[in-house]
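Overview (structure and organization)
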Amino acid sequence: TLYLTRDGAGAGGDSAWYVMGAESLLAGNGYSRLSGGGELRPITGFPPLFSVVLAALGAVGIPPLEGARLLNSLLFAAVILVSGFLIFRISRSAWAAVLGAALMLVSFTLIELHSWVMSEPLYIVLALLSIHQLSRGVAEASWRWVGLAGLLAAAASLTRYVGFSLLAAGALCIVTLGRREWKWRLANAALFLLIGGLPALLWV
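Residues numbered from 1 in each chain as written. Predicted model: local features only at pLDDT ≥ 70, side-chain atom pairs only at ≥ 80, totals over all residues. Heavy atoms only, no water.

Quick notes on the overall build of the protein chain
The secondary structure content of the protein chain amounts to nine helices and two strands. Element order for the protein chain, N to C, with α for helix and β for strand: α-β-β-α-α-α-α-α-α-α-α. For 204 residues, the compact-globule estimate of 2.2 N^0.38 gives 17 Å, and the C-alpha radius of gyration of the protein chain, at 19 Å, lies within 12% of that figure. Expressed along its principal axes, the backbone C-alpha trace of the protein chain runs to roughly 60 × 40 × 25 Å. Counting every position in the protein chain, which comprises 204 residues, the buried fraction comes to 42%. A separation threshold of at least 6 residues defines the contact pool for the protein chain, and within that pool the share at least 24 residues apart is 65%. When the accessible surface of the protein chain is totalled, it reaches about 10600 Å², and 70% of it is carbon and sulfur. Both charge centroids of the protein chain, one from 13 positive and one from 9 negative side chains, sit 16 Å from each other. (Helix = DSSP H or I, 4+ residues; strand = E, 2+ residues; numbered from the N terminus. Rg over C-alpha atoms; globule rule 2.2 N^0.38 Å. Buried < 20%, exposed > 50% of the residue type's maximum accessible area, 1.4 Å probe, protein only. Contact = heavy atoms within 4.5 Å. Areas by Shrake-Rupley, 256 points an atom, 1.4 Å probe, with all protein chains shown as cover. Lys, Arg positive; Asp, Glu negative; His and termini not counted. Charge placed at Lys NZ, Arg CZ, Asp CG, Glu CD.)

Remarks on the nonpolar core
Membership of the largest hydrophobic core comes to 39 residues, with the highest contact counts inside it found for F50, L54, L126, L166, I174 and F192. Counting only elements with at least two residues in this core, the list comes to helix 1 (13-26), helix 2 (49-59), helix 3 (64-91), helix 6 (120-140), helix 7 (143-157), helix 8 (164-177) and helix 9 (182-203). Look past the residues within four positions of L126 in its chain and what remains in contact with it is L49, L152, A155, A156 and T159. (Core = buried A, V, L, I, M, F, W, Y, C linked by side-chain atoms within 4.5 Å.)

Notes on the layout of surface pockets
In this structure, the largest pocket occupies an estimated 160 Å³ of space. Elements with a minimum of two residues in the lining of the largest pocket: helix 6 and helix 8. Among the elements that line the lining of the largest pocket, the one with the most residues is helix 6, at five residues. Here the residues of the lining of the largest pocket sort into six nonpolar, one polar and two charged. (1 Å grid on protein atoms, 1.4 Å probe; cavity = no way out; pocket = protein on both sides within 12 Å on 5 of 7 lines; lining within 4 Å. Points joined across faces, edges and corners; volume = space filled by probe spheres on them. Nonpolar A, V, L, I, M, F, W, Y, C, P; charged D, E, K, R; others polar.)

Side note on a nonpolar patch on the surface
On the surface, L99, L103, L105 and V106 cluster together into a nonpolar patch covering about 400 Å² of accessible area. Here L103 is to be found in helix 4 (residues 94-105). (Patch = residues over 30% accessible without salt bridge, like charges linked within 9 Å, V, L, I, M, F, W, Y side chains within 5 Å. Salt bridge = Lys/Arg side-chain N within 4 Å of Asp/Glu carboxyl O.)

A word on the packing of helix 2 against helix 3
Running from N to C, helix 2 and helix 3 cross one another at 110 degrees; their axes reach a closest spacing of 9 Å. Compared by their axis directions, helix 2 and helix 3 come out roughly perpendicular. Where helix 2 approaches helix 3, its residues F50, V53, L54 and L57 are matched on the opposing element by P64, G67, A68, L71 and N72. Broken down by class, the residue content of the contact of helix 2 with helix 3 amounts to seven nonpolar, two polar and no charged. (Axes fitted to C-alpha atoms, helices over the stretch in contact; angles between N-to-C directions. Parallel < 35°, antiparallel > 145°, perpendicular 65-115°, else oblique.)

Examining the packing of aromatic side chains
For the structure shown, the criterion picks out four aromatic pairs. Considering the side-chain rings of Y18 and F46, the 5.3 Å spacing of their centres and the 75 degrees angle between planes classify their relative orientation as edge-to-face. Taken as a pair, Y18 in helix 1 and F46 in the loop between strand 2 (40-42) and helix 2 lie far apart in primary sequence, 28 residues in all. Three or more aromatic residues joined by ring pairs make a cluster, and in this case those are W17, Y18, F46 and F50. Looking at R185, its charged tip hangs above the ring of W182, at a distance of 4.7 Å from the centre. (Phe/Tyr/Trp six-rings, centres within 6.5 Å; stacked < 30°, edge-to-face > 60°. Lys NZ or Arg CZ within 6 Å of the ring centre and 35° of its normal.)

Examining unusual backbone geometry
A positive phi angle, close to 60 degrees, is found at R92, a residue other than glycine. Tracing the chain through its elements places R92 in the loop between helix 3 and helix 4. Even without being glycine, A141 reaches a positive phi, approximately 50 degrees. Structurally, the position occupied by A141 is in the loop between helix 6 and helix 7. With a relative accessible area of 22%, A141 lands in the partly exposed category.

If you want it as structure tokens, here you go:
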């Protein structure tokens, strides 16, 4: 995707909000945008994490547009690697993992998504990592992995609001697929919902 975006990443209406949010954070004005009349207005329609990451890159000298291009290219590589790892973890087949990763590599939809200044790439990686840690927590009956899955789900929700669906699905998986007694399942489902939902609810 770095080669495809050598003249700059694609940008649309949503991209402007993310870039304005990052520039506003860098200027010390909080997560906000300029209105048509030049007034600062808080951004509420888009969650903040993608802009926060772009602002962090801006703080070390990488402008938000270029930062988004570099970040999403790295996230494309991360999607390929994480997908291959998850397939191997489930199937224990190196061939299946390589094939799955290769399919991700040539997916037109993924290539297009990662060539734009959009938050989907960051959300996809966070969601995949959350699902991985959750499955590990359920399989090993470990509240630590469940808690980490909750943190990743919270980060996903702060990247795209659809991340709230991870909370419902994750809690349901803990309750229905957990190998421990019901008390453990319910307690860890509550832990996952608390850790995963509180940051996003505070933002909302």
